[in-house]
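Okay, here's what each chain looks like letter by letter:
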Amino acid sequence: MYSFKSSLPGILMVIVSLLVLSQAVVMENQSIIDPASGSFFPALIALIMLGAGIVTIFQDRSSTQKKAAETAEQENESNEADALETFTKKDYKLILIYFCLVIGFVILLPILTFFPAAFLFLLTSMFYLKGVSWLLNVTVSLATIVVIYFLFSQLFNIVFP
Amino acid sequence: MIKKNIKILSLFVAVMLTAFLTACGNSNSSSETDASSYPEKDIDGVIIWGEGGATDNISRTLAPLVEEELGGSLVMQNKEGASGAIATQYVYDQPADGHTLLFGAENPNLYQVLDISERDYMNDFTPISIFGQNFGGLVVHEDSEFETIEDVIDFAKENPGELNMGYSGEGSLPHVASAMLEAELDTEFNYVPYDGDGPLATALLGKEIDATVLSVSAAQEYVDAGDFRMLSVINDEALETAADVPPITESYPAFEKYFPWGPFQGVFVHKDTPDSIVTKLTDAFETAQENEDFQNTLESLGVVPLNINGEEAVEYVDKNRSTSTWLLHDAGAAETSPEEFDIPRVDED
Amino acid sequence: MDILQQFLTPFINAELLLLVAVGTLAGIFVGAIPGLSVTMAVALLLSLTYSWDMLPALALMLGIYYGGVFGGSRAAILVNMPGSPSSVATSFDGFPLSQQGEARMALTLTTIFSFIGGLVGVAVLATAAPLVSTIAIQFGQRDYFLLAMLGLLLIGSLSQGSMAKGVFAAGAGIILGLVGMDSIGGGSRFTFGSLQLMNGIDFVVAILGLFGMSEILYQLKTLNEKGQTVTLKKMVFPPLRFLFKFLPLSMRVSIMGVLIGALPGAGGEIAALLAYDHAKRTTKNPNRPFGKGAYEGVIAPEAGNNSAIGGALIPLLTLGIPGDAVTAIFIGALFIHGLQPGPMLMEQSGDLFWVMVGSSVLANIFLLIFGLLVVGIFIRVVTIPKQILLPIIAVITVIGAYALNNSMTDVYWMLGFGIVGFFMKVHNFSVAPLVLGLILGPLIDTSFRRAYMAAQEPSTFLLGFVNSPISILLTLAFIFTIFSQTKMYSRMKEKMKK
């Protein structure tokens, strides 16, 4: 079980490269064996990616075996483990919800137009992240929107959705 | 914990749905426009090529002049990609109220046969004005052994597939022009594609390619500097700007039937745009183009001014489409036969 | 005498002086805001300055050009969001520096060495333009292929930890870079029949997602932890010895930058990447390891990309061939003002050349002045509480991704890249190789295929690698770089020392 989990990145890499390879093979009007055609190079890259995936599987496996063997000496691996462990479920939840907020903003953008959508997003996200007073929140939100609007729309003629 | 999350999420979805529905309700009610109040808001000018190209230069210099005529503001933006098909589709998807204009070149004429997009000038758009036209010239490097167009053709006939002919993508001027040669004269080139006139000129300077077709104005500079030799102009008569270069019809009269043909620039609107608005736009563009500075800009870009509109413009675009699509088809470069889209051959109409 | 007078025109003429200054300052801010690009700014100026005289218009555009390329590094250093592809390399070490409280140091150092790089670029433009453009023309497709492959070897130094993962990420980047219409065959690749995908994936969109959005998500974690806020080190100006210490390096990468900038098919982004690579290979004892905040790691790419501007002006003024998107608009500007950019330009209007050189020098001087002056403003970004900063950056990334091509699809791509980038960061996958692949992939693809097509036969294609001097040089450099990464090489070096 443990070894499967550790070789997961490698397996994922192999799957992705196989997908790319299959897309390169079925590409229309291209011949995969002709170096001048559009699918030769992507196929080559896919093969290299595949190789990298396989190597990773073996590397991860041997490194976990080593790890299991010499649990006392973990210095090299501990960095990686640290980065993973410091992300608690709570962190992930915060990040997930915040990301949903951003997606919501993007979806609302063409519907509500820029001004209300951005204002709503800035208000809620600052409120959600806590620690900012209401007054500051509203001022910053308004100021940001006005500056962005002026820069992008007035100065750069970008037509907002 | 999870329950709370679901609550938040469902609330969020509900808010979005309501917002979406209200927005839809609003947009349905405002569509009727008439010419007297036009333009009601900023007009979007969508350019099908990126910043810095000929289409971009012409459109951006013309825009302020048209603004004066229309009395509204014309906001220009570039939407490049897929030979301009992205911009063409975008303009087609906007309401047909004349507030979105397509500043395009000849490319959309070929979308159907090259299988790039289903949009097309003739079926989906109304031309407001065709600004002008370019001409192509066959060029070789000054050190080249080819002295005349016949030398090039004869070499290509004797050594099929050995002459490196540079071109800038499917459906480009060099591509169609070479297809013309292949169709009429039965030559065979080895095509090497580049990304536009600049890279083509560079490749010819570095002798990576043996010959190519460049727009006459671009090529003339290198000819004057003694780098290139222009062997022929792809037209039925010599040009003022390159008077000593013979037209291709002088060597091969069979080409007569294709002309006038060449890359062009123009402005288009969705075909369902009310006639009154089309007339208003047409008048504005016609007057704007008479500006002397604009004429000078066209001249320095090597574009021969046309300033045509209405039926004349439709015919011009139609003929260009027939020539290009059938040429590509005959050269075997088209994905689908022009016949499928009811495009007549040039010599048949 | 004439030349000197033309060269000094922008210094003496108050209008030109002012316009260069305004342009440079505006450029710095435009470059620093992700989503606003120099190309967009210069294109807008094209219609704005339509009725102006030519020289004032060009002066303003040149100012924006220099300021904008430089400004891109501000966002790269402060918020890990390179405003343009040419400042991607700056973020590798610039952001770690700013996280360690040395933002002021990084900003000041890059300003000084951008100035030096810019001057080297102008100097080469002024003295050796015809020579450099002759070399640039001889640069064939095969040579572009080799150059891009050399850049790709950076994977070795960028993938922290596992090399295989780095190679995989670079491969994925290349594939993503190839999505869209194939500029050679005309067919579409990896588009799944979608018209929006025909346009390909803009790499600035990818950068906004991979660097910007993912960083926002990553930073949320440390949001409420006390003691995590960056304390700024008090240092105002870097010690003078730094200037002398880094001068040789900056000169070397600047010369490299001009040459690469002068190539019509390569620009500042490749110059900056190769400069970073060069710095990493040649610096024996950096203050910190590369990737963790080495000074050399910010100096080299910034000197490189600014000197590439002088390089890009060379083919523009000598041959009328644009070196990048911005110089393509300059060509348009020359046309509009009644000039014929081409090989005859220098002969017909030689005064233009020297005024451009003069304006470039002036723009660099203003870049140094403003660059140093506004450090104080930019530095505040770091001190803004994250609760406020992160939402603002989120809005800018979204609008920026939209503004690039006026497309909502790009915004969704940016979000996708943001998630991918976030998980890559969590799992210690460096995102740099992915971006590297995205930038270099299309160049490798097209140059390789063009070279192969022009050669007509496989044997001629292979012979080509040893046929021209430039190709031989690049082939040798490529082989040596690979060799120098092997264990055999380090063993040999050990022996040599003994």
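From a predicted model like this one, the values you see are computed outputs, not experimental measurements.

## Remarks on the overall build of chain B
Of regular secondary structure, chain B possesses 13 helices and 11 strands. Relative to its 349 residues, chain B shows a buried fraction of 55%. Sequence separation of 24 or more characterises 74% of the internal contacts of chain B that already satisfy a separation of 6 or more.

## Things to note about the overall build of chain C
Looking only at helices and strands, chain C features 24 helices and two strands. Looking at chain C residue by residue over its 498 residues, the buried ones come to 65%.

## Observations regarding the domain arrangement of chain B
All names here are of chain B. Taken domain by domain, chain B holds domain 1 (35–134 + 263–348) and domain 2 (136–258). With centres defined by C-alpha atoms, the gap from domain 1 to domain 2 works out at 26 Å. Facing 17 residues of domain 1, the contacting portion of domain 2 comprises 15 residues. Here the side of domain 1 that touches domain 2 takes five residues from helix 13 (residues 310–330), the largest share from any one element.

## Overview of the packing of helix 4 (residues 54–79) of chain C against helix 5 (residues 88–99) of chain C
All names here are of chain C. The geometry of helix 4 relative to helix 5 is characterised by a closest axis approach of 6 Å and an angle of 50 degrees between their N-to-C directions. Relative to helix 5, the element helix 4 is oriented oblique. The crossing of helix 4 and helix 5 is right-handed. For the pair helix 4 and helix 5, contact is made by Ser-73, Ala-76, Ile-77 and Leu-78 and by Thr-90, Ser-91, Gly-94, Phe-95, Leu-97 and Ser-98, respectively. For the contact of helix 4 with helix 5, the class distribution of residues is five nonpolar, five polar and no charged.

## Quick look at the sheet that holds strand 7 (residues 190–193) of chain B
What links the strands of a sheet is backbone hydrogen bonding, and the strands pair in either a parallel or an antiparallel sense. Residue and element names in this part refer to chain B. As summarised here, the arrangement of the five strands in space is 7-6-8-5-9, forming an open sheet in which the pairing is mixed. Single-partner strands in this sheet number two, and they are strand 7 and strand 9 (228–233). Looking at each pair of strands side by side, their axes are set apart by 35 degrees on average, direction ignored. With five bridges joining them, strand 5 (residues 136–141) and strand 8 (residues 211–215) adopt antiparallel strand pairing. Note on strand 8: the bridge partner recorded for Val-140 is Ala-211. Strands strand 5, strand 6 (164–167), strand 8 and strand 9 of the sheet are contacted by helix 8 (residues 197–205), whose axis makes an angle of about 140 degrees with strand 8.

## Concerning the sheet that holds strand 3 (residues 100–105) of chain B
Residue and element names in this part refer to chain B. Pairing in this open sheet of six strands is mixed, and the strands run 2-1-3-10-4-11 from one edge to the other. A single partner strand is all that each edge strand has here, and the edge strands are strand 2 (74–78) and strand 11 (304–308). The mean inter-strand angle of the sheet, taken between neighbouring strand axes irrespective of direction, is 25 degrees. Here five bridges tie strand 1 (residues 43–47) to strand 2, and the two strands are oriented parallel to one another. In the sheet register, Val-46 faces strand 2, and the bridge partner there is Gln-77.

## Some points on the interface of chain C and chain A
Contact residues are listed per partner, giving 47 residues for chain C and 55 residues for chain A. Of all the secondary structure elements, the ones that give two or more residues to the side of chain C that touches chain A are helix 3 (38–48), helix 9 (163–178), helix 11 (203–220), helix 19 (386–405), helix 20 (408–426) and helix 21 (432–455) of chain C. Considering each element in turn, the side of chain C that touches chain A owes the most residues, 11 residues, to helix 19 of chain C. The residue inventory of the side of chain C that touches chain A, partitioned by class, reads 33 nonpolar, eight polar and six charged.

## Overview of helix 13 (residues 268–282) of chain C
Residues and elements named next belong to chain C. Taking 1.5 Å of rise per residue, 15 residues should cover 21 Å, and helix 13 covers 21 Å from first to last C-alpha, within 8% of that figure. Across the 15 residues that make up helix 13, a large majority, 12, are buried. Among all positions in helix 13, only Gly-268, Glu-269, Ile-270, Ala-271, Ala-272, Leu-273, Leu-274, Ala-275, Tyr-276, Asp-277, Ala-279 and Lys-280 are buried.

## Examining the nonpolar core
Residues and elements named next belong to chain C. By size, the foremost hydrophobic cluster in this structure holds 330 residues, and its most contacted members are Val-42, Met-61, Val-435 and Leu-436. Broken down by element, this core gets its largest block of residues, 18 residues, from helix 6 (residues 103–138). When residues no more than four places from it in sequence are discounted, the contact partners of Val-435 are Val-88, Gly-173, Ala-206, Ile-207 and Leu-210.

## A look at unusual backbone geometry
At Lys-207 of chain B, a position not held by glycine, the phi torsion is positive, near 60 degrees. The residue Lys-207 of chain B is located in the loop between helix 8 and strand 8 in this model. Unlike most non-glycine residues, Asn-80 of chain C shows phi in positive territory, near 60 degrees. By the secondary structure assignment, Asn-80 of chain C is in the loop between helix 4 and helix 5. The exposure class assigned to Asn-80 of chain C is buried, which follows from the 23 C-beta atoms found within 10 Å.

## Digging into the environment of Gln-485 of chain C
Residues and elements named next belong to chain C. Among the structural elements, Gln-485 can be located in the loop between helix 23 (469–484) and helix 24 (487–497). Judged by the 15 C-beta atoms lying within 10 Å of it, Gln-485 is partly exposed. Sequence separation of Gln-485 and Lys-245 is 240 residues, and the distance between their C-alpha atoms is 26 Å.

## A word on the pairing of strand 11 of chain B
All names here are of chain B. Of the two faces of strand 11, only the one carrying Val-304, Leu-306 and Ile-308 is buried; Pro-305 and Asn-307 on the other face are not. Here strand 4 (residues 125–133) pairs with strand 11 via three bridges, running antiparallel. The residue bridging Gly-132 from the neighbouring strand is Pro-305, located in strand 11.

## A short note on the packing of helix 4 of chain C against helix 18 (residues 375–383) of chain C
Residues and elements named next belong to chain C. It is the contact of helix 4 with helix 18, at a shortest axis distance of 10 Å, that shows an interaxial angle of 30 degrees. As far as their axial angle goes, helix 18 and helix 4 are roughly parallel. In the packing of helix 4 onto helix 18, the handedness of the crossing is right-handed. On helix 18, the residues that touch Arg-74, Leu-78 and Val-79 of helix 4 are Phe-378, Val-381 and Val-382. Partitioned by chemical class, the residues of the contact of helix 4 with helix 18 number five nonpolar, no polar and one charged.

## Here we look at the pairing of strand 3 of chain B
Residue and element names in this part refer to chain B. Burial within strand 3 is extensive, with six of its six residues counted as buried. Of the two faces of strand 3, the one lined by Thr-100, Leu-102 and Gly-104 and the one lined by Leu-101, Phe-103 and Ala-105 are each fully buried. Pairing geometry for strand 1 and strand 3, over four bridges, is parallel. Note on strand 3: the bridge partner recorded for Ile-47 is Phe-103.

Rules and cut-offs
Residues numbered from 1 in each chain as written. Chains lettered and ligands numbered in written order. Predicted model: local features only at pLDDT ≥ 70, side-chain atom pairs only at ≥ 80, totals over all residues. Helix = DSSP H or I, 4+ residues; strand = E, 2+ residues; numbered from the N terminus. Buried ≥ 20, exposed ≤ 12 C-beta atoms within 10 Å, placed from the backbone. Contact = placed C-beta atoms within 7 Å. Domains from an automatic or database assignment. Axes fitted to C-alpha atoms, helices over the stretch in contact; angles between N-to-C directions. Parallel < 35°, antiparallel > 145°, perpendicular 65-115°, else oblique. Left-handed = near helix turned anticlockwise from the far one by under 90°. Nonpolar A, V, L, I, M, F, W, Y, C, P; charged D, E, K, R; others polar. Pairing = 2+ DSSP bridges. Expected span 1.5 Å × (residues − 1). Core = buried A, V, L, I, M, F, W, Y, C linked by C-beta atoms within 7 Å.

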